[in-house]
Amino acid sequence: MSPDAVPDAVPDAARPGPPAGSGPAAPPAASGPRRRAPAAPPPGAAAGAGPAHRARGALAVLAATQLLLIMDTAIVNVALPSVGRDLGSGPAGLSWVANAYLVAFGGLLLLGGRAADLLGHRALHLAGLAVLAVASAAGGLARTPAELVAARAAQGTGAALAGAAAFAAVLALFPDGPARHRALGTFAAMGGLGGVAGTVLGGVLTDLLGWRSTLWLNVLAAAALGAASLRVLDRGRRRPVTGFDLGGALTATGGLGLVAFALVGAGSAGWTSPRTLGAAAGGAALLGVFAVLERRARHPLVPPAVLRRPALASANLLSGLAQTTLFPMFFLVSLYLQRVLGLSPLAGGLGLLPLSLVVVAVAPRTGALIARHGLRPVMTAGFALLAAGTGWLALALDAHGTFATTVLAPSLVLGAALPLAVVTTNAAATAALPPEETGLASGLVNTSQQFGSVLGLALLVAVAGAAAPGTGGPAAETAGVRGALLAGAALAAAAALLAVRTRPPAPATGAPHRDGAHRAVE
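First things first, this report covers the structure right here in the doc.

The rules behind each value
Residues numbered from 1 in each chain as written. Predicted model: local features only at pLDDT ≥ 70, side-chain atom pairs only at ≥ 80, totals over all residues. Heavy atoms only, no water. Buried < 20%, exposed > 50% of the residue type's maximum accessible area, 1.4 Å probe, protein only. Helix = DSSP H or I, 4+ residues; strand = E, 2+ residues; numbered from the N terminus. Arc of directions from axis to C-beta. Contact = heavy atoms within 4.5 Å. Salt bridge = Lys/Arg side-chain N within 4 Å of Asp/Glu carboxyl O. Axes fitted to C-alpha atoms, helices over the stretch in contact; angles between N-to-C directions. Parallel < 35°, antiparallel > 145°, perpendicular 65-115°, else oblique. Left-handed = near helix turned anticlockwise from the far one by under 90°. Nonpolar A, V, L, I, M, F, W, Y, C, P; charged D, E, K, R; others polar. Core = buried A, V, L, I, M, F, W, Y, C linked by side-chain atoms within 4.5 Å.

What to know about helix α13 (residues 366-373)
Of all the positions in α13, only Thr366, Gly367, Ile370 and Ala371 are classed as buried. Seen along its axis, α13 keeps its buried residues to an arc of 140 degrees; they face one direction. Among the structural elements, α5 (178-209), α12 (353-362), α14 (375-396) and α16 (408-429) are those in contact with the buried residues of α13. One or two steps after α13, the chain reaches Gly374, where phi turns positive at roughly 100 degrees.

Structural notes on the pattern of salt bridges
All chains considered together, the criterion is met by four salt bridges. Its salt-bridge partner being Arg114, residue Asp117 comes within 2.9 Å of it at the nearest N-O pair. Taken as a pair, Asp117 and Arg114 lie in helix α2 (residues 91-119) at a separation of three residues, close to a single helical turn. Here Arg339 makes a salt bridge to Glu477, at a shortest N to O gap of 2.7 Å. With Arg339 in helix α10 (residues 310-340) and Glu477 in helix α18 (residues 474-501), this pair connects stretches of sequence that are 138 residues apart. On the basis of relative accessibility, which here comes to 53%, the residue Arg339 falls in the exposed class. A relative accessible area of 23% places Glu477 in the partly exposed class.

Looking at the environment of Leu321
Following the sequence through the fold, Leu321 ends up in helix α10. Along the backbone, Leu321 and Ala492 are 171 residues apart, and their C-alpha atoms lie at a distance of 7.1 Å. Once you skip the residues sitting within four places of it in the chain, Leu321 turns out to touch Ala495 and Leu498.

Some words on the environment of Ala63
Along the polypeptide, Ala63 turns up in helix α1 (residues 51-87). The buried category is assigned to Ala63, whose relative accessible area is 3%. In this structure, Ala63 is in contact with Thr186, Phe187 and Met190, ignoring residues within four places of it in sequence.

Re the packing of α14 against α18
In the contact formed by α14 and α18, the axes pass within 8 Å of each other and the chain directions differ by 165 degrees. With respect to α18, the axis of α14 lies roughly antiparallel. For the element pair α14 and α18, the recorded crossing hand is left-handed. Of the residues in α18, those touching α14 at Arg376, Met379, Thr380, Phe383, Ala384, Leu386, Ala387, Thr390, Gly391, Leu393, Ala394 and Leu395 are Arg482, Leu485, Leu486, Gly488, Ala489, Ala492, Ala493, Ala495, Ala496, Ala499, Val500 and Arg501. Its residues assigned to classes, the contact of α14 with α18 shows 17 nonpolar, four polar and three charged.

Let's talk about the packing of helix α3 (residues 121-140) against helix α6 (residues 212-232)
Running from amino to carboxyl end, α3 crosses α6 at an angle of 160 degrees, the nearest separation of the two axes being 8 Å. In terms of axis orientation, α3 runs roughly antiparallel to α6. Judged by the twist between their axes, the crossing of α3 over α6 is left-handed. For the pair α3 and α6, contact is made by Arg122, His125, Leu126, Leu129, Ala133, Ser136, Ala137, Gly139 and Gly140 and by Arg212, Leu215, Trp216, Asn218, Val219, Ala222, Leu225, Gly226, Ser229 and Leu230, respectively. Residue composition of the contact of α3 with α6, grouped by class: ten nonpolar, seven polar and two charged.

Focus on the side chain of Asn218
Looking at where Asn218 falls in the secondary structure, it is placed in helix α6. For Asn218, a relative accessible area of 2% puts it in the buried group. Setting aside anything within four residues of it in sequence, one finds Asn218 in contact with Leu68, Asp72, Ser136 and Gln155.

Observations concerning the nonpolar core
Ranked by internal contacts, the top residues of the largest apolar core, which has 73 residues, are Leu62, Phe187, Met329, Phe383, Leu393 and Leu485. For this core, the leading source of residues is α10, giving twelve residues. Look past the residues within four positions of Leu393 in its chain and what remains in contact with it is Met329, Val333, Thr406, Val407, Pro410, Leu414 and Leu485. Membership of the second largest hydrophobic core comes to 35 residues, among which are Tyr101, Leu109, Leu110 and Ala222.

The following block contains the structure:
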């Protein structure tokens, strides 16, 4: 028998007893006071310390994984000009050094999440980090653009496995409610820091040690995280594997990968090019086959009943919409700071530091806001702030401005909006889940976010190109970025209207709240 090791999200004290008729029960004590059983350790955390200490240690490792994966996207982007000069690659080849990572990452997140349920969160986390480390080393040794693109695709594979397992482990460690909201706030803070840290480190390492050092940094970081994972994450409870949906896994991965390939390549190949349309059609066809297979499979990769939950579908849609605005915003602001205001990559990265500091300050407090006001009002406020901040930023841009007069103030509003939108949508997408679906929920919400990022970047970059006058120069660049950001603000406003109508799933604990959600109980 091939056992799996999935951390159980239900503490032993809350676990139901054996069903009637399953065997004799232990007789009660004849006399004397009943002794309280020792508290069960948090699922997924290693033994040997207090439960709270173990949970904090596990969260630190899992959040650091999130930081590494977000940072990896930005750090390589900064190094791309140096890569092109060293390996003799043109703009098209360089674009796929970044895109290969995104295609593999987006295509494998759903499979990675389900694999976490089958193989165990720690096992898949370690496997993903190992793949990431080996692929990063291969990229650091690459001698041709093709070798580097292949290494980046392998990096995306490792990132998908490690990222899905890390998020699923957090869901298993922290039950639905304030503790999970605080943990999700930590993840959001790490995401906000990752982009800035990657930009700054990318600039410093490339200048001092060369572009290959940005890849070798991944090797060291993945090795350190793997060692820490062995210490603080439990192997998990073992349950027999009842089956695996191979057909669903292949069609879902192939379909998502082709759709990601079409989206990330649309900017260079064109939205109506045969390559873009062919990849999109092939991806849609495979996803259609996947939907048919899931209705017939004995052990589907994604049970159809899960996708029919209205609250889950709305939360994943909103999670994707948040990234549709946020991810391109970082790219477009960096473009404006460097190409219009003339800042260096390092200075441009530091320009996003105030935004990240606000994220770090607000994210840990999002759980308390949810407990006080309810999930839906905080979610709506997050998207409203996202729309207002993005619109303000668009209107503030000036070809002859400065960072302080154009970007600084609206970026602080966006720093507050990011954790409110991300934490609440993640909380809604993962509420009221049975333990055996934590990996599946992780795969679904991560896939929604990744495809929101890829779709948003493709759409808004296209809008920027269409909105920029053909004259070129700083004024044209500014007009293009302004048009793209206004489109992003419109998407965020539409998400805010959808959030008003969204009815989050009721958590396991809490009193009914006036908006249909439940107040979390500290």
